[in-house]
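Notes for the structure review
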Amino acid sequence: MPRLIFLGAPGAGKGTQAEAVSDLFEIPHISTGDILRSAVADHTLLGIQAKTYMDRGDLVPDQLVVDLIRERLAQPDAQSGWILDGFPRNVPQAEFLDNLLNKIHQPYDYVVNFDVPDEVLVSRMLGRGRADDTEEVIRNRLKVYREKTAPLIDFYQACEKLAHIDGSQSMEDVTAAIKKLV
Ligand code: AMP
């Protein structure tokens, strides 16, 4: 079963596609955003530490997400395939992930980058009505994406496992493109 890393701006459709691909291959969809949001809702220590960053659209400190990913990838259901959605979000997280995957002998198969124009990103985010999807926070999340996350495209360009997918196509067409790739 495949091990996939989904890259792309907020609103690019990573979560929706990760759900579809997770059903298709029966592999877990690991979303750091979802895990953090449920930690916030449950008022856990992690949630309390993460909340202010998330409310602003900033990245939470690396240490919080790095520990979370290490624990999640050690779970029994993640031993033969997974989709990472929302992690890594910056170069230090990507370096951590490379080391971790080496150590646990779980190389990834593909990094899938979702290309979507800015106008589409903003209208998709405004349409989903999440608490952190106000216009000001959206603007900050896109800025953080450009500064911290977009450099990962160059980071992964060096390996031959980076695939670009046109994320502005219909949901079904994007899923079909991922299926074809894998
Ligand atoms: P997402 O659902 O992926 O858009 O994530 C929602 C929010 O959770 C982001 O705006 C960040 O505040 C936080 N977050 C999710 N994943 C990460 C990550 N890998 N590193 C740092 N912060 C993250």
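We now turn to the structure provided with this report. Treat the numbers as computed from the prediction; the structure is a model and nothing was measured.

The next subject is the nonpolar core. Ranked by size, the top nonpolar core spans 49 residues in total, and within it Phe 6, Ile 69, Leu 73, Trp 82, Leu 84, Leu 97 and Tyr 156 carry the most contacts. Looking at this core, the element that brings in the most residues is helix α4 (residues 62–73), giving six residues. Residue contacts for Phe 6: discarding those within four places in its chain leaves Lys 14, Gln 17, Ala 18, Val 21, Ile 83, Leu 84, Asp 85, Gly 86, Val 112, Phe 114 and Ile 178.

This next bit is on the packing of aromatic side chains. Scanning all chains against the criterion turns up four aromatic pairs. Their ring planes at 65° and their centres at 5.1 Å tell us that Phe 6 and Phe 114 sit as a pair that is edge-to-face. Of this pair, Phe 6 sits in strand β1 (residues 3–8) while Phe 114 sits in strand β4 (residues 110–115); the two residues are 108 residues apart in sequence, bridging distant segments of the chain. Assigned by exposure class, Phe 6 and Phe 114 land together as buried. Seen from their ring centres, Phe 155 and Tyr 156 are 5.0 Å apart, and the 85° between their planes marks the pair as edge-to-face. Judged by relative accessible area, Phe 155 falls into the partly exposed class, the value being 25%. Taken together, the ring pairs connect Tyr 108, Phe 155 and Tyr 156 into an aromatic cluster. Against the face of Tyr 108 rests Lys 161, its NZ or CZ located 4.6 Å from the ring centre.

Conventions and cut-offs
Residues numbered from 1 in each chain as written. Predicted model: local features only at pLDDT ≥ 70, side-chain atom pairs only at ≥ 80, totals over all residues. Heavy atoms only, no water. Core = buried A, V, L, I, M, F, W, Y, C linked by side-chain atoms within 4.5 Å. Buried < 20%, exposed > 50% of the residue type's maximum accessible area, 1.4 Å probe, protein only. Helix = DSSP H or I, 4+ residues; strand = E, 2+ residues; numbered from the N terminus. Contact = heavy atoms within 4.5 Å. Phe/Tyr/Trp six-rings, centres within 6.5 Å; stacked < 30°, edge-to-face > 60°. Lys NZ or Arg CZ within 6 Å of the ring centre and 35° of its normal.

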